[in-house]
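Structural characterization, general
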Amino acid sequence: MTSPVIPTIRPARPEDVPAVVAMVHELAEYERAPDQCHLTAEQLTSALFPAAPDRGTASDASSPAAAPALFGHVAVDEHDEPIGFALWFLNFSTWAGVHGIYLEDLYVSPAARGTGAGRLLLATLADICVRRGYRRLEWWMIDWNPAAGFYASIGAQQMSEWVPYRLSGDALRQLADQASVAGTRTGDRPGRVPDRGDEA
């Protein structure tokens with residue numbers, strides 16, 4: 001019996017996008033919410049690989065093309081085909097005064113589980129944190145996910161004292177309307193709230 005090939009971890013490339021999008025939809029199916037997942041290849045490509053500004057045009061940090069706000073790594077098999085992925089972005093701790101990594105999604109295809117792909121993806125992000133001086137690698141997990149045991153085995157701690165909040169849909173729009181009443185629309189004046197195109 002041959003042992004499984006150890007996956008390789010590398011940054012995501014444009015040609016990996018269709019496979020990553022397919023796995024995101026698999027993850028949504030696994031988390032019993034396939035109708036809530038609307039990610040397209042075009043959206044992910046735009047987020048991971050924003051188009052460069054035109055030559056001769058001044059770079060503006062508020063431009064979505066200034067820098068990516070989302071980053072990705074893939075676990076690939078011996079044929080360089082993606083078998084898992086991690087999509088992440090930077091957050092910032094005002095108490096520590098440094099950035100950290102927030103892991104939005106980590107997924108390994110069922111056929112590749114047991115190869116160490118998930119651990120290697122997390123180890124890669126941990127290495128980025130250590131090399132850059134980031135203090136934290138954080139993520140959320142649905143409460144019934146059996147990966148809880150795996151996360152505990154690598155020393156991850158459940159942050160039970162913190163309660164997540166989310167604004168979306170009508171509630172998000174209603175709160176945004178209050179900004180227009182106050183004359184604080186994004187970009188109206190210096191000190192604006194950064195948008196998704198700003199560097200983290």
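Keep in mind it's a predicted model, so treat the numbers as computed, not measured.

Rules and cut-offs
Numbering of residues starts from 1 in each chain and follows the order in which that chain's sequence is written. With the structure being a predicted model, the display of local features is reserved for residues of pLDDT at least 70 and the display and counting of side-chain atom pairs for 80 or more, all residues being used for whole-chain, interface and lining totals. To get the side-chain values, all heavy atoms of the structure are used, and hydrogens and water are removed first. Secondary structure counts use DSSP, requiring at least four H or I residues in a row for a helix and at least two E residues in a row for a strand, with both numbered from the N terminus. The span expected for a helix works out to 1.5 Å for each residue beyond the first. Any two residues whose heavy atoms approach within 4.5 Å are treated as being in contact. Here an axis means a line fitted to C-alpha atoms, over the contact stretch when the element is a helix, while the angle between two N-to-C directions is reported on a 0 to 180 degree scale. Crossing handedness is read from the near helix: turned anticlockwise from the far helix by less than a right angle, it gives a left-handed crossing, and turned clockwise, a right-handed one. Residue polarity is assigned by list, with Asp, Glu, Lys and Arg as charged and Ala, Val, Leu, Ile, Met, Phe, Trp, Tyr, Cys and Pro as nonpolar; anything else, Gly included, falls into the polar class.

**Points about helix 1 (residues 17-30)**
The first and last C-alpha atoms of helix 1 sit 20 Å apart over 14 residues, in line with the 20 Å expected at 1.5 Å per residue. Here the buried face of helix 1 lies against helix 2 (41-48), strand 2 (71-76), strand 3 (82-93) and strand 4 (98-108). Note on helix 1: the residue one or two positions beyond its end, R32, has a positive phi of about 65°.

**Remarks on the packing of helix 1 against helix 2**
Following both chains from N to C, one finds helix 1 and helix 2 inclined at 115°, their axes separated by 9 Å at the closest point. Regarding helix 1 and helix 2, the two cross each other, and that crossing is right-handed. Between helix 1 and helix 2, the contacting residues are V17, V20 and V21 on the first element and A41, L44 and T45 on the second. Looking at side-chain class alone, the contact of helix 1 with helix 2 contains 5 nonpolar, 1 polar and no charged residues.

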